[in-house]
Amino acid sequence: MLTLNHISFQVKSTEMNLKQRTYQGKSIITAEIMTEFFPKMVDGDVLSGAITIKLDMTQVKSLDVMANKKYQGEIGNVTFSVNKNGIWEHVSCSDFEFAFHKRSGNQFAFEMHTKDPVCDLELTTTLVSLYTTNDEKLKTQFELADFYETPITREIGTSSIKKYYIKDI
């Protein structure tokens, strides 16, 4: 279910990727959830677009720890990208409510609420992958049992980014 400014939209797709980094000695896991919605005619305008949620979490050692957790306040960023008759508009907010509910394999039920713009999102998303730039640090701070052992490695500039895909569960 997706409502944006009190208008319901049909969800096209949703997926989640995790990114791990270390900041001031703490491991931070950022859940990045991208949700796209189908076009809809609203007051003579055709609206479609996407919502990108970036949720920063600390003290996350495994996927199971994420289930049934609630977050509120300035916990990341939500970007609303809306195409109105072929013209893109982007609005961001950093004050929102987010809750992961149950986990079933690589599926996470979640809900997110914002006040400006008014958005209510209740979906189940599919986790795809986990990124890191510090493979050794990740292995000591996060349980990788749900991911394939062999990551895909990419060199970008002077950084080496490792991408672990979640196992078929």
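Residues numbered from 1 in each chain as written. Predicted model: local features only at pLDDT ≥ 70, side-chain atom pairs only at ≥ 80, totals over all residues. Heavy atoms only, no water.

S.K.: Whenever I open this one, the overall build of the protein confuses me. Can you help?
M.R.: On a plain count of helices and strands, the protein comes out with 2 helices and 11 strands. Counted from the first residue to the last, the protein has its helices and strands arranged as β-β-β-β-β-α-β-β-β-β-α-β-β. Here the C-alpha atoms of the protein give a radius of gyration of 17 Å, agreeing with the 15 Å that 2.2 N^0.38 yields for 169 residues. Along the longest, intermediate and shortest principal axes, the C-alpha atoms of the protein span 55 × 35 × 35 Å. In the protein, buried positions account for 43% of the 169 residues. Contacts in the protein between residues far apart in sequence, at least 24 positions, make up 53% of those at least 6 positions apart. Of note, the protein has its 19 positive side-chain charges centred 5 Å away from the centre of its 22 negative side-chain charges. (Helix = DSSP H or I, 4+ residues; strand = E, 2+ residues; numbered from the N terminus. Rg over C-alpha atoms; globule rule 2.2 N^0.38 Å. Buried < 20%, exposed > 50% of the residue type's maximum accessible area, 1.4 Å probe, protein only. Contact = heavy atoms within 4.5 Å. Lys, Arg positive; Asp, Glu negative; His and termini not counted. Charge placed at Lys NZ, Arg CZ, Asp CG, Glu CD.)

S.K.: Explain the packing of aromatic side chains here, please?
M.R.: Note on aromatic pairs: each is described by the distance of the centres and the angle between the planes. With the rule as written, the count across this model stands at 5 aromatic pairs. Ring plane angle 75 degrees and centroid distance 4.8 Å describe the contact between phenylalanine 98 and phenylalanine 100, whose orientation is recorded as edge-to-face. You'll find phenylalanine 98 and phenylalanine 100 in the same group, each marked buried. Pairwise contacts between aromatic rings join Phe98, Phe100, Phe108 and Phe110 into one cluster. Seen from the ring of phenylalanine 9, lysine 40 lies directly overhead, with NZ or CZ sitting 6.0 Å from the centre. (Phe/Tyr/Trp six-rings, centres within 6.5 Å; stacked < 30°, edge-to-face > 60°. Lys NZ or Arg CZ within 6 Å of the ring centre and 35° of its normal.)

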